[in-house]
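A structural walkthrough
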Amino acid sequence: MAITQEDRDQLRRHGILLTSVEELYNWGRSHSVWPLQFGLACCAIEMIATSMARFDIARFGSEVFRPSPRQADLLIVSGTVTKKMAPQVVRLWDQMPEPKYCIAMGACAISGGPFKQGYNVLKGIDRYLPVDVYIPGCPPRPEALLHGLIQLQEKIRGQPLTGPDAPRHLRADLECNFPVPAFGAHDLEPSKTDSVWQPPALERPKKA
Amino acid sequence: METPEQIRDRLRARFPAAEVTLVPNPSPAAQHSLLVGAAHLADVAAFLRDDEALRLDYCSNVTGVDWPEKEVVETVRTSVPDPAGGPAKVAEQKIKRVQPGCLEVVYHLYSMARGHGPVIIRARTGDRSDRAVLPSLTPVWRSCEFQEREIFDLFGVRFEGHPDLRRILMWDEFEDHPMRKDYVEPDDYEWEPTPHDAVLAKAARHRTAAAAPGPAAASPGGQP
């Protein structure tokens, strides 16, 4: 039996709560996203400000910053990921239990930011990790982080529990292996996980 | 505080064998420095720290400079007498000379006890590869420890007598010295939304390497 969202809203207006396991399950987990207590650079200061009274991330159920990756649902990559730090970030991600989500906070975590052309900064954490929400800014304001969290909550609420659009942890056919890069003689090896990220096939049109 | 010239003269009197030269700084800051021979660097440093008038007890900053090998063209003028008895002609001859490269380490010294500074001393290695060795000044000033490790990491100067000479910023497996002028970055070009200037050149290098995969493409990185 297919009940659309409009039908449910209609019923709710008449005081009848008709829900599904899927909706209840996603509603529950979308309002208890516990981030990992983990900061990398100046974006982490904004993340701390977001958790404090003025911006109060507790309004969205995410105030429980867990000091252990075993208890965390959300990795906020808040700041510059140097190549020396990248394996540790990937290892923390691997230690988090599914279901887990990743927010790339700020220009550095998205693309390397102002350090992109340098020799020692990763050109975006999405080379190794599947990023769910990208928050631009340098650093993003606490409001931007809250907006990113709300976007993530909407994404979680929209995830069906079965079928091809189900999240990673409910599917047997998906690869959940995120290998930790090794320190090489000149660069990280490999410099990206091919199954996670590929450079876009964009080339600027040549001038005639 | 004594001027750098006075310090130089006192150092020469105290250590007659040491090479101490004044490197003038022509900028308005006029922070002249003293270039000290590597053989007597440790003695000179201990003297500067313990001398009653100077008491340079604090090394605030250690930094490195890379001087790559460069070709210098010198013009030599010789006067050639005119056989006809006229005025002598001046013949110019250009001589190319290769100035050997070296690595330089610069120490900025202050005195907490006397409240003066900085006194800047420099030292140069023999070359940029095998003889890139200098005595460590960590036994003299404890604050040099991490900064000498950083210079070892980024420039490749080996400090003899350093208590714990390891890389500090890059990982231990890293082989290059990124602050050297001839450092070659790994071929890590991916894509750029708006390539320009240096990035465009990087992209061109990446495409040629990708088009002809061979030993040249497989060995990025700087000099050993």
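Calculation rules
- Residues numbered from 1 in each chain as written.
- Chains lettered and ligands numbered in written order.
- Predicted model: local features only at pLDDT ≥ 70, side-chain atom pairs only at ≥ 80, totals over all residues.
- Heavy atoms only, no water.
- Helix = DSSP H or I, 4+ residues; strand = E, 2+ residues; numbered from the N terminus.
- Buried < 20%, exposed > 50% of the residue type's maximum accessible area, 1.4 Å probe, protein only.
- Contact = heavy atoms within 4.5 Å.
- Phe/Tyr/Trp six-rings, centres within 6.5 Å; stacked < 30°, edge-to-face > 60°.
- Lys NZ or Arg CZ within 6 Å of the ring centre and 35° of its normal.
- Buried area = accessible area lost by both parts, 1.4 Å probe.
- Salt bridge = Lys/Arg side-chain N within 4 Å of Asp/Glu carboxyl O.
- pLDDT = per-residue confidence, 0-100.
- 1 Å grid on protein atoms, 1.4 Å probe; cavity = no way out; pocket = protein on both sides within 12 Å on 5 of 7 lines; lining within 4 Å.
- Points joined across faces, edges and corners; volume = space filled by probe spheres on them.
- Nonpolar A, V, L, I, M, F, W, Y, C, P; charged D, E, K, R; others polar.

1. Concerning the environment of Glu160 of chain B
All names here are of chain B. Following the sequence through the fold, Glu160 ends up in strand S9 (residues 158-160). For Glu160, a relative accessible area of 55% corresponds to the exposed category. Along the sequence, Glu160 and Ala39 sit 121 residues apart, while their C-alpha atoms lie 12 Å from each other. Setting aside chain neighbours within four positions, we find Glu160 in contact with Val133, Leu134, Pro135 and Ser136.

2. Regarding the packing of aromatic side chains
Applying the stated criterion across every chain yields a total of five aromatic pairs over all chains. Pairing Trp93 of chain A with Phe178 of chain A gives two aromatic rings, centres 6.1 Å apart and planes at 80°, and the pair type is edge-to-face. Of this pair, Trp93 of chain A sits in helix H4 (residues 86-95) while Phe178 of chain A sits in the loop between helix H6 (142-157) and strand S4 (182-183), and the two are 85 residues apart along the sequence. Across the pair, exposure class does not vary: Trp93 of chain A and Phe178 of chain A are buried alike. A centroid spacing of 5.9 Å and a plane angle of 90° characterise the contact between Phe15 of chain B and Phe47 of chain B, whose relative ring orientation is edge-to-face. Pair noted here: Phe15 of chain B is in the loop between helix H1 (4-14) and strand S1 (20-23) and Phe47 of chain B is in helix H2 (residues 41-50), with a separation of 32 residues, a long-range link. Taken together, Phe183 of chain A together with Trp171 and Phe174 of chain B form an aromatic cluster joined through their ring pairs. A cation over an aromatic ring shows up here: Lys100 of chain A above the ring of Trp93 of chain A, its NZ or CZ 4.8 Å from the ring centre. For Arg127 of chain A, the ring lying beneath its charged end belongs to Trp197 of chain A, and the centroid distance is 3.6 Å.

3. Topic: the interface of chain A and chain B
Counting residues at the interface gives 21 residues for chain A and 26 residues for chain B. Summing the contributions of chain A and of chain B, the shared interface buries around 2,100 Å²; its carbon and sulfur component is 55%. When the buried surface of chain A facing chain B is broken down by residue, Gln117, Tyr119 and His186 of chain A rank first, second and third, together holding 35% of it. For the pair chain A and chain B, the number of links is three salt bridges. With a closest N to O distance of 2.5 Å, Arg127 of chain A and Glu190 of chain B form a salt bridge.

4. Points about the confidence of the model for chain A
With 96% of its residues at a pLDDT of at least 70, chain A reaches an overall mean of 89. Per-element mean pLDDT across chain A ranges from 87 in helix H1 (residues 5-13) of chain A up to 95 in strand S3 (residues 133-135) of chain A.

5. Focus: the pattern of salt bridges
Residues and elements named next belong to chain B. In this structure the tally under the stated criterion is 28 salt bridges over all chains. Between Asp9 and Arg8 there is a salt bridge; the shortest N-O distance is 3.3 Å. As a salt-bridge pair, Glu104 and Arg122 come within 2.5 Å of each other at their nearest N and O atoms. Residue Glu104 is found in strand S6 (residues 102-111), and its partner Arg122 is found in strand S7 (residues 116-124); the two are separated by 18 residues along the sequence.

6. Details of the environment of Val157 of chain B
Residue and element names in this part refer to chain B. Examined against the element boundaries, Val157 turns out to sit in the loop between helix H3 (144-154) and S9. We classify Val157 as buried; its relative accessible area is 1%. It is 7.9 Å that separates the C-alpha atoms of Val157 and Thr125, two residues lying 32 residues apart in sequence. Leave out the neighbours within four places in its chain, and Val157 touches Leu103, Val105, Thr125, Ala132, Leu134, Ile151 and Phe152.

7. A few points about empty space enclosed by the protein
One pass over the structure, following the stated rule, counts two cavities of 30 Å³ or more. In this model, the largest cavity occupies a volume close to 50 Å³. Considering the residues around the largest cavity, the lining is formed by Lys116, Gln117 and Lys123 of chain A together with Asp188, Tyr189, Glu190, Trp191, Glu192, Val199 and Lys202 of chain B. Its residues assigned to classes, the lining of the largest cavity shows three nonpolar, one polar and six charged.

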